[in-house]
Amino acid sequence: MSAAARIFLMRLIVGLGNFPEKYARTRHNFGFLAVEMLAKKFGFELWRMEKKFFCQISAGELGGEKTLLLKPETLMNLSGKSVAAIANFYKIEPSKIFILSDDVDLPFGEIRFRKKGSAGGHRGIQSIISSLGTSIFGRLKFGISNERRSAVSTEAFVLQKFFPEEWEKIPEILDRGISKLLEHLKC
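Conventions we followed
- Residues numbered from 1 in each chain as written.
- Predicted model: local features only at pLDDT ≥ 70, side-chain atom pairs only at ≥ 80, totals over all residues.
- Heavy atoms only, no water.
- Buried < 20%, exposed > 50% of the residue type's maximum accessible area, 1.4 Å probe, protein only.
- Helix = DSSP H or I, 4+ residues; strand = E, 2+ residues; numbered from the N terminus.
- Pairing = 2+ DSSP bridges.
- 1 Å grid on protein atoms, 1.4 Å probe; cavity = no way out; pocket = protein on both sides within 12 Å on 5 of 7 lines; lining within 4 Å.
- Points joined across faces, edges and corners; volume = space filled by probe spheres on them.
- Nonpolar A, V, L, I, M, F, W, Y, C, P; charged D, E, K, R; others polar.
- Core = buried A, V, L, I, M, F, W, Y, C linked by side-chain atoms within 4.5 Å.
- Contact = heavy atoms within 4.5 Å.
- Expected span 1.5 Å × (residues − 1).
- Axes fitted to C-alpha atoms, helices over the stretch in contact; angles between N-to-C directions.
- Parallel < 35°, antiparallel > 145°, perpendicular 65-115°, else oblique.
- Left-handed = near helix turned anticlockwise from the far one by under 90°.

**Q** Got a sec to walk through the pairing of strand β5 (residues 97-107)? Specific residues and values, please.
**A** Two faces, one strand: in a regular strand the side chains alternate between the faces of the sheet. Of all 11 residues in β5, nine are buried, a share of seventy percent or more. Pairing between β5 and strand β7 (residues 138-145): seven bridges, direction parallel. Counted as the bridge partner of D103 is G143 from β7.

Okay, structure coming up:
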């Protein structure tokens, strides 16, 4: 297979979140949790830092197609910088890009897939739309809202750690989300 054909068959799955480690179990890091589980479940390479793409990356195959998993190491609101850098380098079409993120407007545990759309107030998604110049890329959204959301600002809420009773449900929610993603990828 020629290099051009391999590039054409490449897809990019991006988990949105925040570094450093202090944010690891926060609501805003649902995307990181999802790509980490995906990498583990399907035997992807170990994560490695790619400074030229401002991210951590893991490579493997899903459904016979070369797939890159990405965790931007920019701040959430600058995620587009990383996504555009790698998409431009590998010439990955926006239709082959899938973003996994939290969604503060969905109830905790609800999962939604969209092929395109607006940012819906998510600054990480907005950064990607601005950097790619299009909103036509897939997105898998994990609901994080609960009855306590109205007690604090959205910015404070998304940076809160999951409550213990929520954290216990995360593996099952991630598993359902990955199944939904694979269904849309036809894997």
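On we go from here.
**Q** How would you sum up the layout of surface pockets? Please name residues and give values.
**A** Taken as a whole, the largest pocket spans an internal volume of roughly 480 Å³. Every residue lining the largest pocket is counted, 23 residues in all, and those nearest its centre are H28, G121, H122, R123 and V158. Contributions of two or more residues to the lining of the largest pocket are made by β5, α4 (123-132) and α5 (154-158). A per-element tally of the lining of the largest pocket places β5 first, with five residues. Partitioned by chemical class, the residues of the lining of the largest pocket number eight nonpolar, eight polar and seven charged. In this structure, the second largest pocket spans a volume of roughly 220 Å³. As for the second largest pocket, its lining consists of 14 residues, of which S95, F98, F113, K115 and H184 are closest to the centre. For the lining of the second largest pocket, the element with the highest residue contribution is helix α7 (residues 170-185), accounting for three residues. Of the residues assigned to the lining of the second largest pocket, the class counts are five nonpolar, three polar and six charged.

**Q** Break down the nonpolar core for me, with residues and values.
**A** Among the nonpolar cores identified, the biggest contains 29 residues, and I13, F30, F142 and L181 are the most heavily contacted of them. Mapped onto this core, the elements with two or more residues apiece are α2 (30-41), β5, β6 (111-114), β7, α5 and α7. Top element by residues in this core is α7. It accounts for seven residues. Aside from chain neighbours lying at most four places away, what touches F30 is L16, D102, F142, G143, I144, F162, I170, I173 and L174.

**Q** Now, about unusual backbone geometry: what can you tell me, with residues and values included?
**A** In terms of backbone geometry, most residues other than glycine have negative phi values and most peptide bonds are trans. With omega at 5 degrees, the peptide bond leading from F19 into P20 counts as cis. Following the sequence through the fold, P20 ends up in the loop between β1 (11-15) and α2. At K91, a position not held by glycine, the phi torsion is positive, near 55 degrees. Locating K91 in the fold gives a position in the loop between α3 (79-90) and β5. K91 gets classed as exposed once you look at its relative accessible area, which sits at 59%.

**Q** Just give me the short version of α2, but keep the residues and values in it.
**A** Taking 1.5 Å of rise per residue, the 12 residues of α2 would be expected to cover 16 Å, and the 16 Å separating its terminal C-alpha atoms lies within 8% of that figure. Listed in full, the buried residues belonging to α2 are F30, G31, F32, L33, A34, V35, L38 and A39.

**Q** Kindly report on the packing of α3 against α4, identifying the contributing residues and their values.
**A** Taken N-terminus to C-terminus, the directions of α3 and α4 make an angle of 40 degrees; their axes are 7 Å apart at the nearest point. Compared by their axis directions, α3 and α4 come out oblique. As α3 packs across α4, the resulting crossing turns out to be right-handed. Of the residues in α4, those touching α3 at S79, G80, K81, V83, A84 and A87 are G124, S127, I128, S131 and L132. Residues that form the contact of α3 with α4 fall into these classes: five nonpolar, five polar and one charged.

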